[in-house]
Amino acid sequence: MSLVGRTFRSSAIAMLLLIVSPVMADDVVYVESGDEGMEAAMDHARSLLPHFWKTYSTRTRGEEGFSLKVRVEDDGAVEYFWATDVVRDGDTISGTINNEPAVVSSVSLGQRIQFGEADISDWLYIRENKMVGNYTLRAMFFQMSDEEVAYYSQILTDP
């Protein structure tokens, strides 16, 4: 099993407080390794990573809240974290771990880490009060109530 999400904490954008993760509490969402829907969502997000970086660089429509979902492996356990305060300098990417670890012990909430593009499984940013990206959240719609799906469907948008 791998961990794919937890509640996102952001002081910059209040809207993100409860909508990046499919849960409304600090619960952990477990997804079996090899889950086809989640794998497809991560592949799709990675295929659109050039769009993320272009928008990150230009910010022509007031985009903000750039975040990356990063894979962290520790002694065979895998957990995915949203990294905020993203900085890219050439091939060096860094961000701040934005949730408490539940499985791995090599990172902690608030820790600044460096990672490569190969570690990125998803991305998001906010544009005009809509969340762009966050494809792993969409892959978990089947686990959500109709109300949650309706809510997220209203705020999620494609690039």
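Quick caveat: nothing in here was measured; it's all calculated off a predicted structure.

(A) Region of the structure containing the overall build of the protein chain. Summing up its helical and strand segments, the protein chain has four helices and nine strands in all. Of the regular secondary structure in the protein chain, the N- to C-terminal order runs β-β-α-α-β-β-β-β-β-β-α-α-β. Across the 159 residues in the protein chain, those meeting the buried criterion constitute 47%. By sequence separation, contacts in the protein chain at least 24 residues apart represent 57% of the contacts at least 6 residues apart.

(B) Region of interest: the nonpolar core. If you look at the biggest cluster of nonpolar residues, it comprises 40 residues, and the most contacted ones within it are Phe52, Trp53, Leu68, Phe115 and Trp123. When residues of this core are assigned to their parent elements, the largest contribution, seven residues, is made by strand β4 (residues 77-89).

(C) Summary view of the environment of Arg46. By secondary structure assignment, the location of Arg46 is in helix α1 (residues 36-47). Assessed through its relative accessible area of 33%, Arg46 is described here as partly exposed. A sequence separation of 71 residues divides Arg46 from Glu117, and the C-alpha atoms of the two residues are 8.7 Å apart. Once residues within four sequence positions are removed from consideration, Arg46 is found in contact with Ile120 and Ser121.

(D) Structural detail: the pairing of strand β3 (residues 64-74). By the bridge criterion, five bridges tie β3 to strand β7 (residues 120-127) in an arrangement that is antiparallel. Paired with Glu64 across the strands is Ile126, a residue of β7. Here β3 pairs with β4 via seven bridges, running antiparallel. Residue pairing for β4: Leu68 is matched across the bridge by Ala83. Counting the residues in the hairpin turn of β3 and β4 gives two residues, including Asp75, whose phi is positive at 50°.

(E) Up close: the packing of aromatic side chains. A full pass over the atoms with the stated rule returns 11 aromatic pairs. On the basis of an interplanar angle of 70° and a centroid distance of 5.8 Å, the ring pair of Trp123 and Tyr135 is categorised as edge-to-face. Note that Trp123 is positioned in strand β7 and Tyr135 in helix α3 (residues 135-138), a separation of 12 residues in sequence. Neither residue differs from the other here; Trp123 and Tyr135 are each classed as buried. By way of ring pairs, the aromatic residues Phe52, Trp53, Tyr56, Phe66, Trp123, Tyr125 and Tyr135 are connected into one cluster. Positioned over the ring face of Tyr56 is Arg59, at 4.8 Å from the centre of the ring. Across the ring face of Trp53, the terminal group of Arg88 is positioned such that the distance to the ring centre comes to 4.3 Å.

(F) Geometry of the side chain of Glu79. One can find Glu79 in strand β4. Look at Glu79 and you get buried, because its relative accessible area is 0%. A polar side-chain atom of Glu79 sits 3.1 Å from the main-chain amide nitrogen of Val104.

(G) Inspection of the pairing of strand β5 (residues 92-97) at higher detail. Of all six residues in β5, five are buried, a share of seventy percent or more. A loop of two residues connects β4 with β5, the two strands running antiparallel in sequence, and Gly90 in this loop sits at a positive phi of about 65°. Inspection of the sheet shows β5 paired to strand β6 (residues 112-115) by four bridges, in the antiparallel sense. Bridge pairing in β6 places Ile93 opposite Phe115.

Calculation notes
Residues numbered from 1 in each chain as written. Predicted model: local features only at pLDDT ≥ 70, side-chain atom pairs only at ≥ 80, totals over all residues. Heavy atoms only, no water. Helix = DSSP H or I, 4+ residues; strand = E, 2+ residues; numbered from the N terminus. Buried < 20%, exposed > 50% of the residue type's maximum accessible area, 1.4 Å probe, protein only. Contact = heavy atoms within 4.5 Å. Core = buried A, V, L, I, M, F, W, Y, C linked by side-chain atoms within 4.5 Å. Pairing = 2+ DSSP bridges. Phe/Tyr/Trp six-rings, centres within 6.5 Å; stacked < 30°, edge-to-face > 60°. Lys NZ or Arg CZ within 6 Å of the ring centre and 35° of its normal. Polar contact = N/O pair within 3.5 Å; in protein donor to acceptor, adjacent residues only side chain to side chain.

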